[in-house]
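Structural overview for review
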Amino acid sequence: MQVKGIPHLWTNLKNTHSRFLAIDYDGTLAPFRIERMEAFPVEGARSALERISNLPATSAAVISGRPVHEVGTLLGLENITIIGAHGWEEKKPGRPVRPRPLSPVQATGLAHAKREAALFCDPEKIESKAASVAIHTRGLDAASAEKIKSEIKKVWSELEADNNLEVRLFNGGIELRAIGWDKGRALETLMEESHPGTYFIYIGDDQTDEDAFRAVRGRGTGIRVGPEDSQSHATGYLKDCGAVAAFLDFWLETFG
């Protein structure tokens, strides 16, 4: 299987001491859904990822903006590392969830942000996570979604500097996040814990994955799901979630 933009990917992987596959969840393993807890992995992806995680000289992790418990419920795998809330939660196999604490000023800022968000949209569209507040606009018409994002961005931007927070857009909404952890730092932590000769692959689809695409350079390759984007730090591209499932199957054929 050829990954666009990375002609020698499989050769590089074969010539390494060990391999580590880190992968986003929504838009990568699972197609987007308006009802978030209906976003199950595309056919074949779950079983393939489970088998990959059990291969010799291979490790795997899911790195998501979702809370760990949501990823665990939707994915249903016990033997894989799950990083949730953009790095603010970590769940290693056989261990409890490890939360990373917010500073008091960050916690105060996020509480304020949640109250402000309720003035602009349906409370059901607001999600409060371990280290962020998100507004989900998927399912709204384009004009309404843009109006909400524009208005809330103005309000939340006033909270950024004084509360050590940052506003980030994502596919289907807008989020105010605590600064300190992101998918890139989460991936860096996994790299630090791994053998120096390990080759890392990170697969993701969104702006929130760009931190990880930057982090993986020098230790492996970033693969973006979706159309080519000249602004992305990813090296290769897969068309959609179905192509991700095919990639996982080919990994098994190659190293299984």
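Below or above, wherever it landed, is the structure these notes cover. (Residues numbered from 1 in each chain as written. Predicted model: local features only at pLDDT ≥ 70, side-chain atom pairs only at ≥ 80, totals over all residues. Heavy atoms only, no water.)

Regarding the pairing of strand β7 (residues 132–136)
Burial within β7 is extensive, with five of its five residues counted as buried. What you see with β7 is no split at all: Ser-132, Ala-134 and His-136 on one side and Val-133 and Ile-135 on the other are buried throughout. The sheet contact formed by strand β6 (residues 126–128) and β7 spans three bridges and is antiparallel. Residue Ile-126 lies in a different strand from β7, and its bridge partner there is Ile-135. (Buried < 20%, exposed > 50% of the residue type's maximum accessible area, 1.4 Å probe, protein only. Helix = DSSP H or I, 4+ residues; strand = E, 2+ residues; numbered from the N terminus. Pairing = 2+ DSSP bridges.)

Some details on the sheet that holds strand β8 (residues 165–170)
Across the sheet, which stays open at both edges, the four strands sit in the order β6-β7-β9-β8 with antiparallel pairing between neighbours. Unpaired on one side and paired on the other, β6 and β8 mark the two borders of the sheet. Looking at each pair of strands side by side, their axes are set apart by 15° on average, direction ignored. Both β8 and strand β9 (residues 173–178) contribute to a ladder of six bridges, which runs antiparallel. In the sheet register, Leu-165 faces β9, and the bridge partner there is Ala-178. (Axes fitted to C-alpha atoms, helices over the stretch in contact; angles between N-to-C directions.)

Observations regarding the packing of helix α2 (residues 45–53) against helix α8 (residues 241–255)
Between α2 and α8, the shortest axis-to-axis distance is 9 Å and the interhelical angle comes to 35°. Note that α2 runs across α8; the crossing there is left-handed. Here Ala-45, Ala-48, Leu-49, Arg-51 and Ile-52 of α2 come into contact with α8, specifically with Ala-245, Leu-248, Asp-249, Trp-251 and Leu-252. Among the residues forming the contact of α2 with α8, the class breakdown is eight nonpolar, no polar and two charged. (Left-handed = near helix turned anticlockwise from the far one by under 90°. Contact = heavy atoms within 4.5 Å. Nonpolar A, V, L, I, M, F, W, Y, C, P; charged D, E, K, R; others polar.)

Digging into the environment of Thr-16
As for its placement among the helices and strands, Thr-16 is situated in the loop between α1 (9–14) and β1 (18–23). The spatial distance from the C-alpha of Thr-16 to the C-alpha of Ala-118 is 50 Å, given a sequence separation of 102 residues. Here the side chain of Thr-16 touches Leu-13 through a polar contact of 2.7 Å, landing on its backbone oxygen. (Polar contact = N/O pair within 3.5 Å; in protein donor to acceptor, adjacent residues only side chain to side chain.)

What to know about the packing of helix α4 (residues 104–117) against helix α5 (residues 142–163)
It is the contact of α4 with α5, at a shortest axis distance of 10 Å, that shows an interaxial angle of 170°. The angle between α4 and α5 falls in the class roughly antiparallel. Of the residues in α5, those touching α4 at Val-105, Gln-106, Gly-109, His-112, Ala-113, Glu-116 and Ala-117 are Ile-152, Val-155, Trp-156, Leu-159, Asp-162 and Asn-163. Taken together, the residues that form the contact of α4 with α5 break down as seven nonpolar, four polar and two charged. (Parallel < 35°, antiparallel > 145°, perpendicular 65-115°, else oblique.)

Comments concerning the pattern of salt bridges
Scanning the entire structure with this criterion turns up 19 salt bridges. With a shortest N-O distance of 3.4 Å, Glu-90 and Arg-100 are connected by a salt bridge. A residue pair is termed long-range when its members are at least 10 positions apart, and Glu-90 in strand β4 (residues 89–91) and Arg-100 in the loop between β5 (98–99) and α4 qualify at ten residues. Judged by relative accessible area, which is 7%, Glu-90 ranks as buried. With a relative accessible area of 11%, Arg-100 lands in the buried category. Through salt bridges that share partners, Asp-26, Arg-36, Arg-66, Glu-70 and Glu-127 make up one connected network. (Salt bridge = Lys/Arg side-chain N within 4 Å of Asp/Glu carboxyl O.)

Quick notes on the sheet that holds strand β10 (residues 198–204)
Ordered by their spatial adjacency, eight strands build an open sheet running β5-β4-β3-β2-β1-β10-β11-β12, and the pairing between neighbours is mixed. Bordering the open sheet on either side are β5 and β12 (236–238), each of which pairs with just one other strand. Bridging between strand β11 (residues 220–225) and β12 involves three bridges; their strand directions are parallel. Of the residues in β12, the one forming a bridge with Arg-224 is Tyr-237. In this fold helix α3 (residues 68–75) packs onto β2 (58–63), β3 (81–84) and β4, with an angle of close to 135° to the strand it touches most, β3. Here α8 sits on the sheet in contact with β1, β2, β10, β11 and β12, set at roughly 165° to β1.

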